[in-house]
Amino acid sequence: MAAYPGTFDPITLGHVDVVQRGLKLFDSVIIGVAENVQKKPHFPLETRLQMVSSVFATESRVKVSPFCGLLVDFAKQSNSCAILRGLRAASDFEYEFQMATMNRRLNTSIETVFVMAREEYTFVSSSFIREIHNMGGDVADLLPAGILEHLQKNR
Ligand code: COA
């Protein structure tokens, strides 16, 4: 099992791509939806959980769980041997390197595994999607089915 953490505010096809790549490497993936109050998420935790769960409703190898506190503790509690992260561009590397190194310091038995995002999604981020949608831009092809409706409701 690998733990894939994020805020998912909202989940995008970029995140789905990372999970699908993770499923090629691990028997199962647990998606940790971070409460992340410091980031002041747009969607409440309950809605973010609902959105992520709906996307993977038919995938038995994917579990979804909320988490607060340290990521390494979430990984350990969920019996994950690894933390799964996606790299979109070189600019992600520095932050990811710092996070992976810090997490290894906190728990040496959990490895961080990176997968390369699909080219089409290298520029995608949740806040860009929210901003573009709020200004009337079309983001439908960057979102899993059903997520656009959540954006429309919570504009
Ligand atoms: N496809 C699409 N978007 C992606 C992406 C991908 N492959 N990878 C990252 N993103 C986007 C996210 O949507 C997010 O966009 P936003 O900033 O517009 O919301 C942004 O890139 C940053 O994503 P990410 O790096 O995953 O950050 P996050 O805020 O979603 O999650 C945690 C960060 C939860 C993993 C991190 O804060 C954490 O581990 N917290 C727990 C506390 C802890 O253990 N701290 C110590 C860490 S060393």
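Definitions and cut-offs
- Residues numbered from 1 in each chain as written.
- Predicted model: local features only at pLDDT ≥ 70, side-chain atom pairs only at ≥ 80, totals over all residues.
- Heavy atoms only, no water.
- Near = heavy atom within 4 Å.
- Polar contact = N/O pair within 3.5 Å; in protein donor to acceptor, adjacent residues only side chain to side chain.
- Areas by Shrake-Rupley, 256 points an atom, 1.4 Å probe, with all protein chains shown as cover.
- Helix = DSSP H or I, 4+ residues; strand = E, 2+ residues; numbered from the N terminus.
- Nonpolar A, V, L, I, M, F, W, Y, C, P; charged D, E, K, R; others polar.
- Pairing = 2+ DSSP bridges.
- Axes fitted to C-alpha atoms, helices over the stretch in contact; angles between N-to-C directions.
- Contact = heavy atoms within 4.5 Å.
- Patch = residues over 30% accessible without salt bridge, like charges linked within 9 Å, V, L, I, M, F, W, Y side chains within 5 Å.
- Salt bridge = Lys/Arg side-chain N within 4 Å of Asp/Glu carboxyl O.
- Buried < 20%, exposed > 50% of the residue type's maximum accessible area, 1.4 Å probe, protein only.
- Core = buried A, V, L, I, M, F, W, Y, C linked by side-chain atoms within 4.5 Å.
- Expected span 1.5 Å × (residues − 1).
- Right-handed = clockwise from strand over helix to strand, strands pointing away.

Turning next to the site of the ligand. In the vicinity of the ligand, 25 residues are found, and the nearest of them are Lys 39, Leu 71, Arg 85, Ser 126 and Ser 127. Here an oxygen atom of the ligand and a backbone polar atom of Leu 71 are 2.8 Å apart. One of the side-chain N or O atoms of Arg 85 is found 2.6 Å from an oxygen atom in the ligand. In the complex, the protein chains occlude 82% of the 940 Å² of accessible area that the ligand would expose alone. For the shell around the ligand, the secondary structure elements donating two or more residues are strand 1 (2-6), helix 1 (13-25), helix 4 (90-106) and helix 5 (126-134). It is helix 4 that contributes the most residues to the shell around the ligand, five residues altogether. A class-by-class count of the residues in the shell around the ligand yields 10 nonpolar, 11 polar and four charged.

Strand order in this open sheet of five strands is 3-2-1-4-5, and the pairing throughout is parallel. Across the chains shown, the open sheet's two edge strands, defined by having one partner strand only, are strand 3 (62-67) and strand 5 (111-116). Each adjacent strand pair in this sheet contributes to an overall mean axis angle of 30°, direction not counted. Contacts from helix 2 (residues 45-55) reach strand 2 (29-34) and strand 3, with the element oriented near 155° to strand 2.

What follows deals with a nonpolar patch on the surface. The grouping of Leu 70, Met 102 and Leu 106 at the surface amounts to a nonpolar patch, some 290 Å² of accessible area in total. The class for Met 102 is partly exposed, based on a relative accessible area of 49%.

This brings us to the nonpolar core. Within the largest apolar cluster, 29 residues are counted, with the highest numbers of intra-cluster contacts made by Ile 11, Val 19, Ile 31 and Phe 56. Contributing elements (two or more residues each) for this core: strand 1, helix 1, strand 2, helix 2, strand 4 (82-87) and helix 6 (147-153). Residue contributions to this core peak at four residues, all from helix 1. Those residues in contact with Val 19 that lie beyond four places of it in its chain are Tyr 4, Val 29, Ile 31, Phe 56 and Val 62. Of all hydrophobic cores here, the second largest spans 10 residues; its members include Ile 30, Leu 71, Ile 83 and Ile 110.

What follows covers helix 1. Between its terminal C-alpha atoms helix 1 stretches 19 Å, which fits the 18 Å expected from 13 residues at 1.5 Å a residue. Considered for burial, the residues of helix 1 that qualify are Gly 14, His 15, Val 16, Asp 17, Val 18, Val 19, Gly 22 and Leu 23. At the N-terminal end of helix 1, a side-chain oxygen is found 3.1 Å from the backbone nitrogen of Gly 14, two or three residues along, and the residue is Thr 12.

Moving on, we get to the pairing of strand 2. The element strand 2 is extensively covered by neighbouring structure, given that six of its six residues are classed as buried. As defined by bridge partners, strand 1 adjoins strand 2 across five bridges and the pair is classed as parallel. Bridging from a neighbouring strand, Tyr 4 pairs with Ile 31 of strand 2. With helix 1 bridging strand 1 and the parallel strand 2, this β-α-β connection has right-handed handedness. As paired strands, strand 2 and strand 3 are joined by six bridges and run parallel to one another.

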